[in-house]
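As a plain string of letters, each chain reads:
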Amino acid sequence: NAGVTQTPKFQVLKTGQSMTLQCAQDMNHEYMSWYRQDPGMGLRLIHYSVGAGITDQGEVPNGYNVSRSTTEDFPLRLLSAAPSQTSVYFCASSYSLWTGNYGYTFGSGTRLTVV
Amino acid sequence: KQEVTQIPAALSVPEGENLVLNCSFTDSAIYNLQWFRQDPGKGLTSLLLIQSSQREQTSGRLNASLDKSSGRSTLYIAASQPGDSATYLCAVQGEETSGSRLTFGEGTQLTVNP
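Quick look at the pattern of salt bridges
Here is step 1 of the chain: Tallying each qualifying case throughout the model produces five salt bridges over all chains.
Here is step 2 of the chain: R36(A) serves as the salt-bridge partner of D38(A), at 2.8 Å between the closest nitrogen and oxygen.
Here is step 3 of the chain: Classification of D38(A) as buried rests on a relative accessible area of 9%.
Here is step 4 of the chain: One salt bridge connects E59(A) with K1(B), and the closest N-O pair in it is separated by 3.6 Å. Within this pair, whereas E59(A) is found in the loop between β6 (54-57) and β7 (64-66), its partner K1(B) is found in the segment before β1 (4-7), the two belonging to separate chains.
Here is step 5 of the chain: With relative accessibility at 38%, the residue E59(A) sits in the partly exposed group.
Here is step 6 of the chain: Its relative accessible area of 83% is what places K1(B) among the exposed residues.
Here is step 7 of the chain: One salt-bridge network, held together by shared partners, links R36(A), D38(A) and R44(A).

Quick look at the interface of chain B and chain A
Here is step 1 of the chain: Contacts between the two partners involve 23 residues from chain B, matched on the other side by 23 residues from chain A.
Here is step 2 of the chain: For the pair chain B and chain A, the summed buried surface comes to about 1800 Å²; carbon and sulfur atoms form 55% of the total.
Here is step 3 of the chain: Counting the surface chain B buries against chain A, the share from its top three residues, L44(B), R101(B) and F104(B), is 27%.
Here is step 4 of the chain: Taken together, the connections running from chain B to chain A amount to one salt bridge.
Here is step 5 of the chain: Across the chain B-chain A interface, the total number found is two residue pairs in polar contact (both at pLDDT 80 or more).
Here is step 6 of the chain: No other element matches the five residues that strand β4 (residues 30-38) of chain B contributes to the side of chain B that touches chain A.
Here is step 7 of the chain: Its residues assigned to classes, the side of chain B that touches chain A shows seven nonpolar, ten polar and six charged.

As for the pairing of strand β5 (residues 44-51) of chain B
Residue and element names in this part refer to chain B.
Here is step 1 of the chain: Looking at chain direction, β4 and β5 are connected through seven bridges and run antiparallel. Residue Q38 lies in a different strand from β5, and its bridge partner there is L44.
Here is step 2 of the chain: Between β4 and β5, which follow one another and run antiparallel, lie five residues, and G41 among them has a positive phi close to 70 degrees.

A few points about the side chain of D38(A)
All names here are of chain A.
Here is step 1 of the chain: Of note, D38 is situated in strand β4 (residues 31-38).
Here is step 2 of the chain: Looking at D38, its side chain comes within polar contact range of the side chain of S87, at 2.8 Å.
Here is step 3 of the chain: Once residues within four sequence positions are removed from consideration, D38 is found in contact with R44, T86 and S87.

So, how was this worked out
Position labels on residues start from 1 in each chain and follow its written sequence. Just so you know, chain letters begin at A and ligand numbers begin at 1, following the order they were written in. For a predicted model such as this one, the threshold for reporting local features is a pLDDT of at least 70, and the threshold for listing and counting side-chain atom pairs is 80 or more; totals across whole chains, interfaces and linings nevertheless cover every residue. In computing side-chain properties, one takes all heavy atoms of the structure into account and sets aside hydrogens as well as water. Salt bridges are defined as contacts in which a side-chain nitrogen from Lys or Arg sits within 4 Å of a carboxyl oxygen from Asp or Glu. Exposure classes here rest on a 1.4 Å probe applied to the protein chains alone. A residue is buried below 20% of its type maximum, exposed above 50%, and partly exposed in between. In DSSP terms, a helix is any run of H or I states spanning at least four residues, a strand is any run of E spanning at least two, and both are numbered starting from the N terminus. We call two residues in contact whenever any of their non-hydrogen atoms come within 4.5 Å of each other. Buried area adds together the accessible area that both of two parts lose upon being put together, with accessible area traced by a 1.4 Å probe. Definition of a polar contact: a pair of N or O atoms within 3.5 Å, with one able to donate and the other able to accept a hydrogen when the atoms are protein atoms, and with sequence-neighbouring residues admitted only if both atoms are side-chain atoms. Here the term charged refers only to Asp, Glu, Lys and Arg, the term nonpolar to Ala, Val, Leu, Ile, Met, Phe, Trp, Tyr, Cys and Pro, and the term polar to all other amino acids, Gly among them. Here a strand pair is declared whenever DSSP counts at least two bridges between the two strands.

Shown next as structure tokens:
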């Protein structure tokens, strides 16, 4: 099925460990983004990309790195995990930054716990 | 900075009721507004998208309206069913001059009782 695929679904890290959250879409969407969802704070934008080779920071970028080498993939890297990064992470994509009538498509999320 | 508020935070209704979920936003310079549904432990499913030039959108038992000038949107659910139980999120996308990112409300948690 076409859509946004996130892996892994669940992950437990120790403080200081690094990891990469994977996001892939097969809809030829130019725009991809990462959000984190925390109780009482809603969804907040971490990083986004308007096309291959182009990335930019969102509202809460500290502690996270991204790259976009292909249209399909937009991995999110945690270089040194901290307990404050315990959250549910969502990847979202759209045809373009200006979504027109199509809106955003979200992945099913990665639940990350940092101990 | 855009702020999105959803009222009520939680709602419990008997099956068959018609109900209204409210969303308000502080900056009327929006490009579009989107309603999502989120089931526990799942991702977000897009329900309806309203462009800033539109007043409403309908899909099945769902109807969303937008009053851009007053900064309000409502999601109307007709003849509610237990399967409608979920959290409903409202998100606005700003115009370029006010930031193009999505800003989300915290959601309304809906429970429809059989």
